[in-house]
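Breakdown of the fold
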Amino acid sequence: TEAIGLYNLGQSCCLNSLLQVFLMNIHFTRILRRITVPPSPAQRRSNVPYQMLLLLEKMQSGKCKAVGPTELACCLSEHRVELFVQHDAAQLFLTLWNLLKKQMKKPELVKELRDLYTICIQEHVACQKCSFEVKSKSSMLTLPLPVLDANSHRLKTLEDCLQYFFHPEELTGQNMCFCQQCGRKTTFLQSMKLVHLPQTLTLHLKRFCFERSSRKLSHSLPFPQELDLRQILTESQCQADDSEKATWQYELFAVVAHSGSASWGHYCAYIRSLTDWKWYCFNDSEVCQVSWDDVKCTYGRSNLYWRETAYLLFYMKKHPQ
């Protein structure tokens, strides 16, 4: 019932923040509690879902203010997750999720895990000279949202980032595609359409830029506590029926924030408890209750280069089917 911290094992703040986001999500822990326990000690040591379950039980024993994720970290190192190095939270989140999915033996649990986190997108490319077009569906764990537009202008709000991600892009010049019907390279229109959103929606704010030099984009980017995708995206940006869209109303559940530069820094997590509905800051072994104003400090400020900025946003459905 009490929020428990995780000791830093040496540059493990990124891992600690993501573990807190996973384990504070009761929809995820309901899946985790139903896993099959591996039969041998060696299999148990190398099984990520099982080690995550052991960590959850250690945290919920309530005997101390923080616990060490040592066994889980050793387990992850067996799966080529490096320890004692700087990690990118979006990449590590994908790595953890893939290991969980791979090692959950029950097909129904794998399906529930997919349903909990997976976003379904339809990519659409159409020749602008004839009627040739190609449609393909793909799954994503996060929506990677640019914080700058094509002209390097700052996008001002999270809603702007979402609209820009789904805005059609004309592929011209060097980006032209070969059209099977025209028999030559032509201008294409590329667009993304939203098909399905999961119970827990993860948004990745692409604040790190490596095009010319490594830098972090720290400008202010407000995000709301409540997010209604039906109000943000147009009809042409969606490929879903009304019953699917009716569930596209979300509440902010967690923020993984980064302070520092593009080459080094520190992560912490702000999470809203699903039991007492209060916000907490999980900064490795230190956990404290915070206000929404504290969470809003992660919007970013361009004049404070090292300041905390939101990097991953986790939203939870208000009215799941």
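Rules behind the numbers
Residues numbered from 1 in each chain as written. Predicted model: local features only at pLDDT ≥ 70, side-chain atom pairs only at ≥ 80, totals over all residues. Heavy atoms only, no water. Helix = DSSP H or I, 4+ residues; strand = E, 2+ residues; numbered from the N terminus. Rg over C-alpha atoms; globule rule 2.2 N^0.38 Å. Buried < 20%, exposed > 50% of the residue type's maximum accessible area, 1.4 Å probe, protein only. Pairing = 2+ DSSP bridges. Axes fitted to C-alpha atoms, helices over the stretch in contact; angles between N-to-C directions. Parallel < 35°, antiparallel > 145°, perpendicular 65-115°, else oblique. Left-handed = near helix turned anticlockwise from the far one by under 90°. Contact = heavy atoms within 4.5 Å. Nonpolar A, V, L, I, M, F, W, Y, C, P; charged D, E, K, R; others polar.

Focus on the overall build of the chain
Broken down by element type, the chain carries 11 helices and 18 strands. Since a compact globule built from 321 residues should have a radius of gyration of about 20 Å, the 21 Å found for the chain is in line with a globular shape. The C-alpha extent of the chain, read off along each of the three principal axes, is 70 × 50 × 35 Å. Expressed as a percentage of its 321 residues, the buried residues of the chain come to 51%.

A word on the pairing of strand β14 (residues 249–260)
Along any regular strand, the residues point their side chains to alternate faces of the sheet. Counted residue by residue, β14 has 11 buried out of 12 residues, so it is predominantly covered. With 8 bridges joining them, β14 and strand β18 (residues 309–317) adopt antiparallel strand pairing. Considered in β18, the bridge of histidine 258 is made with threonine 309. Sheet topology note: the β14/strand β15 (residues 265–272) ladder contains 7 bridges and is antiparallel. Within β15, the residue paired with histidine 258 across the bridge is tyrosine 267. Linking β14 to β15, which pair antiparallel, is a turn of 4 residues.

Some points on the packing of helix α1 (residues 13–23) against helix α6 (residues 89–103)
Interaxial distance between α1 and α6 falls to 10 Å at its minimum, and their mutual angle equals 55 degrees. Of the possible angle classes, the one that applies to α1 and α6 is oblique. Where α1 crosses over α6, the two elements pack in a sense that is right-handed. Contacts between α1 and α6 involve Cys14, Leu15, Leu18 and Phe22 from the first element and Ala89, Leu92, Phe93, Leu96 and Leu100 from the second. Of the residues contributing to the contact of α1 with α6, the split by class is 9 nonpolar, no polar and no charged.

Focus on unusual backbone geometry
The phi dihedral of tryptophan 277 falls on the positive side, at around 60 degrees, and the residue is not glycine. Take tryptophan 277: it is sitting in the loop between β15 and β16 (279–283). Even without glycine at this site, aspartate 284 takes up a positive phi of about 55 degrees. We classify aspartate 284 as buried; its relative accessible area is 11%.

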